[in-house]
Amino acid sequence: MKREPLVSVIINCLNGEEFLREAISSVIQQSYANWEIIFWDNGSFDRSVEIASSYYDPRIRIYQNEVTIPLGKARNCAAELAKGEYIQFLDVDDFLKENNLYEKIKLINNSNTIINFIFSSVFYFYQATSSFRQQYIANWTKCTHQQKLERLLEFDYIPFASALMSKEIFQRLGGFNDKYMHSPDYDLFLRIMCVTEIEYI
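Treat the numbers as computed from the prediction; the structure is a model and nothing was measured. Residue positions within a chain follow its written sequence, with the count starting from 1. Only residues with pLDDT of 70 or above have their local features reported here, since the model is predicted, and side-chain atom pairs are shown and tallied only from 80 upward, although totals for entire chains, interfaces and linings are computed over all residues. Hydrogen atoms and water are omitted, and side-chain values are computed over all heavy atoms in the structure.

Enquirer: How would you summarise the side chain of N109 if you had to cite specific residues and measurements?
Expert: Of note, N109 is situated in helix α4 (residues 100–110). The exposure class assigned to N109 is buried, which follows from its relative accessible area of 7%. Under the rule applied, a polar contact is a pair of N or O atoms within 3.5 Å (in protein, one hydrogen donor and one hydrogen acceptor; residues adjacent in sequence only if both atoms are side-chain atoms). Only 2.9 Å separates the side chain of N109 from the backbone oxygen of R3, close enough to count as a polar contact. Only DSSP runs of H or I with at least four residues qualify as helices, and only runs of E with at least two residues qualify as strands; both kinds are numbered from the N terminus onward. Summary of the burial criterion: residues with accessible area below 20% of their type's maximum are buried, those above 50% are exposed, and those between are partly exposed, where the area comes from a 1.4 Å probe applied to protein chains only.

What follows is the structure, encoded as structure tokens:
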């Protein structure tokens, strides 16, 4: 691997104790080691902060908000604290396979162009597996950027937990629009795709 940029994994949490340990452990177990976790607790009243604090790893930084704020705003607040060149958002009920970050950074390093955004396939554990997304990413390498954008306008085929983006593009576009109570990630993905290419792995 040519270089190993810091990846900031942002975990926003509101009463997420059920799967939180699996989420954090999946980052610790990454084959790619140059990461940090920004754990932003959004006013939980369960054991979430206690669980996050039980990891004695200097790469894990914990922040507690006294009141619950909209998710888009909470994600923006956490992203402002990120020191990494790239940002990977991870919800508390998701986890990353061990080579996730390694494969994404390898793709960035091997590219002849600047890559600002990468997403990947995901596996759903607690709902019926559907191939519905697959029709939107079919023949990906043969599709033009315009075709990819048109498909995204039809359906949000980018799983949030799979998205890694440069902090530069996130900041340039102003992050999440915190006026949206639902799907602020979809809005962000559309805005990103209007200004840069995106990659699928």
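Enquirer: How would you summarise the packing of helix α6 (residues 145–154) against helix α8 (residues 184–193) if you had to cite specific residues and measurements?
Expert: With their axes 10 Å apart at the nearest point, α6 and α8 run at an angle of 165 degrees to one another. In terms of orientation, α6 lies roughly antiparallel with respect to α8. Considering how the two elements wind past one another, α6 and α8 form a crossing that is left-handed. Taken together, the residues of α8 that come into contact with α6 (itself represented by H145, K148, L149, L152, L153 and E154) are Y186, F189, L190 and M193. All axes are obtained by fitting lines to C-alpha atoms, using only the stretch in contact for helices, and the reported angles, taken between N-to-C directions, cover 0 to 180 degrees. Should an angle fall under 35 degrees it is taken as roughly parallel, and over 145 as roughly antiparallel, whereas 65 to 115 is taken as roughly perpendicular and any remaining angle as oblique. Should the near helix be turned anticlockwise from the far one by less than a right angle, the crossing is termed left-handed; should it be turned clockwise, right-handed. Working rule for contacts: check all heavy atoms of both residues, and any pair within 4.5 Å makes them a contact.

Enquirer: How would you explain the environment of A23 if you had to name every residue and give the values?
Expert: Positionally, A23 belongs in helix α1 (residues 17–28). By relative accessible area, A23 is classed as buried at 0%. Along the primary structure A23 and I11 are separated by 12 residues, whereas in three dimensions their C-alpha atoms are 8.6 Å apart. Not counting the four nearest positions on each side in its chain, A23 is found in contact with L90, D91, V92, D94 and F95.

Enquirer: Just give me the short version of α1, but keep the residues and values in it.
Expert: A helix is expected to reach a length of 1.5 Å times the quantity of its residues less one. Between its first and last C-alpha atoms α1 spans 17 Å; for 12 residues at 1.5 Å apiece the expected length is 16 Å, and the two agree. Regarding α1, the residues found buried are L20, A23, I24, S25, S26 and V27. On its buried face, α1 is in contact with β1 (7–13), β2 (35–41), α2 (48–53) and β3 (60–64).

Enquirer: Help me get a handle on the sheet that holds β1, residues and values and all.
Expert: One open sheet accounts for seven strands, arranged β3-β2-β1-β4-β6-β5-β7; its pairing is mixed. A strand with exactly one partner marks an edge of an open sheet, and here the two such strands are β3 and β7 (199–200). Here, strands pair whenever DSSP counts at least two bridges between them. Note: strand β5 (residues 117–119) against β7, two bridges, orientation parallel. Bridge pairing links I118 to E199 in β7. The strands touched by helix α3 (residues 71–80) within the sheet are β1, β2 and β4 (86–89), with β1 carrying the most contacts at an inclination of about 145 degrees.

Enquirer: Before we move on, could you go through the pairing of β4 and cite the residues and values that matter?
Expert: Side-chain alternation along β4 places Y86 and Q88 on one buried face and I87 and F89 on a second face that is also buried. One ladder, built from three bridges, connects β4 with strand β6 (residues 164–166); its direction is antiparallel. Of the residues in β6, the one forming a bridge with Q88 is L164.

Enquirer: Give a detailed account of the pattern of salt bridges, specifying residues and quantitative values.
Expert: A side chain of one charge can pair with a side chain of the opposite charge when the charged atoms of the two come close. Any Lys or Arg side-chain nitrogen located within 4 Å of an Asp or Glu carboxyl oxygen qualifies as a salt bridge. This model, assessed by the stated rule, comprises eight salt bridges. With a closest N to O distance of 2.6 Å, E36 and R61 form a salt bridge. One end of the pair, E36, is in strand β2; the other, R61, is in strand β3, and 25 residues separate them in sequence. The same class applies to E36 as to R61, namely buried. Notably, a salt bridge pairs R172 with E168, separated by 3.0 Å at the nearest N-O pair. Linking R172 with E168, this pair stays in helix α7 (residues 167–172), spanning four residues, or about one helical turn.

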